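Close look at the chain arrangement
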Amino acid sequence: MNTAAIKTDTVKTHRGRVWFDLLADNMMVHEGAVPSVMIANGNLAERPCSLILVQPDKNNIYPRAVNGEVGLLEGWALADAIHNIVSKDAESEQKSAIIAIVDVPSQAYGRREEALGIHQALAAAVSAYAQARQAGHPVISLLVGKAMSGAFLAHGYQANTILALNDDGVMVHAMGKAAAARITMRSEEELDQLAKTIPPMAYDLKSFATLGLIEQFIDVSSADAPSSKDIELVQTLLVDAVENLKGDTKITKRLQGENRGASRRVRELLRAQWKKAEPSL
């Protein structure tokens, strides 16, 4: 596989597109309902597979979504793409795998987005991914760059399994560090100190993994310009992730994370209260 074939400006501007292009080699590639959503259809270890990517679109009619953010158009386009996959496989015993390649800096913040219902667009994408998973489609997320805020919730978070490149450029969080510092009225240095005792506040992947969300870290020679060996390794791990599911459609294994004790306890208490509840009159 020839990494030199990738355009230099693409390598510099969007890591997600680099990985998409290399992993989609020999697949049929096309745009989704909008240019910022790319889809590739092919095979993963002789099993039908679709790769889905959200990428920057400098001509996006929504200025807040030109840098790869997940906005109104992207949310609906993701939902449309996934529903098409589910519909196509409705009568098939072997459901195609769905691989979300994730490099999204944020959801698209803006007055127009809020007024026109970005919450509904992103919810549609979340629902589509969940429905695909529950219908038996193996859904795997590959984090190659940023997985931030509502963008990650809409594109990738509903996966059965989440894999991540072991690289400093891969980040998962509710918001960027500068924004989090402003919201909490702390300095970025104070946030780093806080993260040592509150794992969900941390930006490093190791802390995020303690919440039971990342299945595996992948060591590659370069996250920005992967070699053929890097691509082969990731392809192998994607195949393994699909096969290891063995038809499981749930994501409850996330609750087994070492720092999810409170979540497990709350669920136990709610379950106990539900079972003891008196019937309503």
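Anything mentioned here points back to the structure above.
All figures in this text were calculated on a predicted structure; none of them were measured in a lab.

1. Considerations on the packing of helix H3 (residues 72-88) against helix H5 (residues 118-134)
Look at H3 against H5: their axes get within 8 Å of each other, and the N-to-C directions meet at 20°. The angle between H3 and H5 places the two elements in the roughly parallel class. Where H3 crosses over H5, the handedness of that crossing is left-handed. Between H3, through Leu72, Gly75, Trp76, Leu78, Ala79, Ile82, His83 and Val86, and H5, the contact on the second element is made entirely by Ile118, Gln120, Ala121, Leu122, Ala124, Ala125, Ala128, Tyr129, Gln131 and Ala132.

2. Notes on the pairing of strand S4 (residues 97-104)
Where burial is concerned, most of S4 is hidden: 8 out of the 8 residues are buried. The pairing of strand S3 (residues 47-54) with S4 spans 5 bridges and is classified as parallel. By the bridge assignment for S4, Cys49 is matched with Ala97. This β-α-β element, S3 to H3 to S4, shows right-handed connectivity. Across 6 bridges, the pairing between S4 and strand S5 (residues 139-148) is parallel. Paired with Val102 across the two strands is Leu143, which belongs to S5.

3. Quick look at the nonpolar core
Of all hydrophobic cores here, the largest spans 77 residues; its most connected members are Trp19, Leu51, Ile101, Leu143, Leu165 and Val234. Apart from the residues within four sequence positions on either side, Ile101 is in contact with Gly16, Trp19, Phe20, Leu23, Leu51, Ile52, Leu53, Leu142, Val144 and His155. By size, the runner-up hydrophobic cluster in this structure holds 5 residues, among which are Met148, Ala181, Leu191 and Tyr203.

4. Looking at helix H10 (residues 228-245)
Between its first and last C-alpha, H10 extends 26 Å over 18 residues, near the 26 Å set by a 1.5 Å rise per residue. Among the residues making up H10, those that are buried are Asp230, Ile231, Val234, Leu237, Leu238, Val239, Ala241, Val242 and Leu245.

5. Quick word on the packing of aromatic side chains
The full count for this structure, using the stated rule, is 1 aromatic pair. Centroid distance Phe152 to Tyr157: 5.5 Å. Interplanar angle 80°. Geometry classified as edge-to-face. For Tyr157, a relative accessible area of 25% puts it in the partly exposed group. Of note, Lys206 hangs over the ring of Phe217, and the distance from its end group to the ring centre comes to 4.5 Å. Between the NZ or CZ atom of Arg254 and the centre of the ring of Tyr157, over which it lies, the distance is 4.6 Å.

6. Considerations on the pattern of salt bridges
All chains considered together, the criterion is met by 6 salt bridges. The salt bridge partner of Arg15 is Asp167, with a shortest N-O separation of 3.0 Å. Of this pair, Arg15 sits in helix H2 (residues 15-23) while Asp167 sits in the loop between strand S6 (161-165) and strand S7 (171-173), placing them 152 residues apart in sequence. Since its relative accessible area comes to 26%, Asp167 is described here as partly exposed. The closest approach of N and O atoms between Arg15 and Asp224, which form a salt bridge, is 3.0 Å. Taken as a pair, Arg15 in helix H2 and Asp224 in the loop between strand S8 (216-218) and H10 lie far apart in primary sequence, 209 residues in all. Since its relative accessible area comes to 37%, Asp224 is described here as partly exposed.

Rules used throughout
- Residues numbered from 1 in each chain as written.
- Predicted model: local features only at pLDDT ≥ 70, side-chain atom pairs only at ≥ 80, totals over all residues.
- Heavy atoms only, no water.
- Axes fitted to C-alpha atoms, helices over the stretch in contact; angles between N-to-C directions.
- Helix = DSSP H or I, 4+ residues; strand = E, 2+ residues; numbered from the N terminus.
- Parallel < 35°, antiparallel > 145°, perpendicular 65-115°, else oblique.
- Left-handed = near helix turned anticlockwise from the far one by under 90°.
- Contact = heavy atoms within 4.5 Å.
- Buried < 20%, exposed > 50% of the residue type's maximum accessible area, 1.4 Å probe, protein only.
- Pairing = 2+ DSSP bridges.
- Right-handed = clockwise from strand over helix to strand, strands pointing away.
- Core = buried A, V, L, I, M, F, W, Y, C linked by side-chain atoms within 4.5 Å.
- Expected span 1.5 Å × (residues − 1).
- Phe/Tyr/Trp six-rings, centres within 6.5 Å; stacked < 30°, edge-to-face > 60°.
- Lys NZ or Arg CZ within 6 Å of the ring centre and 35° of its normal.
- Salt bridge = Lys/Arg side-chain N within 4 Å of Asp/Glu carboxyl O.

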